[in-house]
Amino acid sequence: MNTLRRFSLFLLLIFIASAAMAQEESGLSPQVQAFVDSFERVDDVGKLEVVQSTLDVPVADLESFYEQVIKYVVDNSDQVLTNTQIREMALITLPRVREGVFTGMNDWVWALFTDVQETFWRIEVLETLGAVGAGDAQLAVDMTAWLDGQNISKQAGSRPDNQVILAMVQALVQIADPISYPVLVESVLVQYSGQISAAAISGIIQYEDRAQMLADLVLDSQPAEKRELYTLYLNRDEFDDVILEVSFDVLNDVLSIRPNNVEDRIVLDSIRMDAVRILSANPQEAYAPALIRHFNAAIQSYDRGTADKGLVLEAIGALGQTDSVDAAIRLAEFLDLINTYTELDRPYDRQITLAVINNLKTLGKVEAYQPLYMVTILNYSSGVQEAAQEALEVVSQ
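Keep in mind that this is a model prediction, so the values were computed, not measured.

Draft legend 1. Up close: the side chain of T93. Secondary-structure assignment places T93 in helix α5 (residues 84-100). Within polar-contact distance, the side chain of T93 engages the backbone oxygen of M89 at 2.7 Å. T93 has contacts with V51, Y66, V69 and I70, leaving out every residue within four places of it along the chain.

Draft legend 2. Region of interest: the nonpolar core. Judged by nonpolar contacts, the single largest core of 131 residues is most densely connected at F65, M143 and Y233. The element contributing the most residues to this core is helix α9 (residues 162-175), with 10 residues.

Draft legend 3. Summary view of the packing of helix α20 (residues 369-377) against helix α21 (residues 382-395). For the pair α20 and α21, the least separation of the axes is 8 Å and the interaxial angle reads 150°. Remark: the crossing between α20 and α21 carries left-handed chirality. Note on element contacts: α21 touches α20 through V384, Q385, A388, Q389, A391, L392 and V395, opposite Y369, L372, Y373, V375, T376 and I377. For the contact of α20 with α21, the per-class residue count stands at 10 nonpolar, 3 polar and no charged.

Draft legend 4. Broad picture of helix α14 (residues 243-255). Between its first and last C-alpha, α14 extends 18 Å over 13 residues, near the 18 Å set by a 1.5 Å rise per residue. Buried residues of α14: I243, V246, S247, D249, V250, L251, D253, V254 and L255, and no others. Contacts made by the buried residues of α14 are with α12 (210-219), α13 (223-235), α15 (262-281) and α16 (288-304).

Quick notes on the rules
- Residues numbered from 1 in each chain as written.
- Predicted model: local features only at pLDDT ≥ 70, side-chain atom pairs only at ≥ 80, totals over all residues.
- Heavy atoms only, no water.
- Helix = DSSP H or I, 4+ residues; strand = E, 2+ residues; numbered from the N terminus.
- Polar contact = N/O pair within 3.5 Å; in protein donor to acceptor, adjacent residues only side chain to side chain.
- Contact = heavy atoms within 4.5 Å.
- Core = buried A, V, L, I, M, F, W, Y, C linked by side-chain atoms within 4.5 Å.
- Buried < 20%, exposed > 50% of the residue type's maximum accessible area, 1.4 Å probe, protein only.
- Axes fitted to C-alpha atoms, helices over the stretch in contact; angles between N-to-C directions.
- Left-handed = near helix turned anticlockwise from the far one by under 90°.
- Nonpolar A, V, L, I, M, F, W, Y, C, P; charged D, E, K, R; others polar.
- Expected span 1.5 Å × (residues − 1).

This is how it looks when you write it as structure tokens:
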């Protein structure tokens, strides 16, 4: 009997020593180590009870244990919709992962999203990923790729789950990785819902260099998509603070394109006109080079018969608002050309001629003196000559 007791005591000491060594090696407290060990040994009903018993323990101590739970759920994800215990242990654990901002198990949590295609489940998983995913580049890539696929499916006519789409957009907005930027914009363009668009735009406007990002999206797209993107920017008040910078870049981009067909030319001209209107309403000398290029293109199109006079008049008016010497020189050169036509008894359009004279007056630069003076002595109507005389008085000061 004494021998049996001694042997039992010996086994107990070995067990205690082993447990102490395991605890020392894991760095876990005795309580958390007990959770870990118990979770491994019991069935699903017992596992759920272990998880429930952790709710009164400070969450900061439980990262290792909750990772163990999440891995177990992933390994048995095919049972999530049928096994109540597995489902519940995950739904208890995920909020605790958010609370503790545990980032070391992102891959496993993402697997919960991809493996189980149920709306409520996916929303819960995405809420967790949004809370813990900032700074995880691979997670941002994976989530963005998923949303991109949904955008493509929506454009092809499918009907994605808008509740999950909204949760994904909100999660990506929280994570705020620039790689998601183009796909968030696209999620607005495909028009899931007003709520989804608002959520996406709230993420778009949070980027510090959003003006360049918005412009780059236009620069990298085809004419029809350029039109769609730029219209979005114009129509959303959230972009008002960057629309000038974006419009300047968009105008330069469109002016550099030589369209291959009439449809593209019409689309690009419409973008050009909108950008010019925005810049003209907020004149700056820095815009003059782009507006001069626009003027040159407008004159060329008008002379070829592919643009109406309104395009030219608007281009002239835009230059007149820039307070730029370069703009004055370009309009003066054009007036000099008009004078040459008049000398050859080939009078140019009176409305365009008056627009050039009046905008040279607005600019008030002495560089315009010579062609304006020539108007007063050539065979122009009295109204045109009077306008030139008034402009001369301004540029002479």
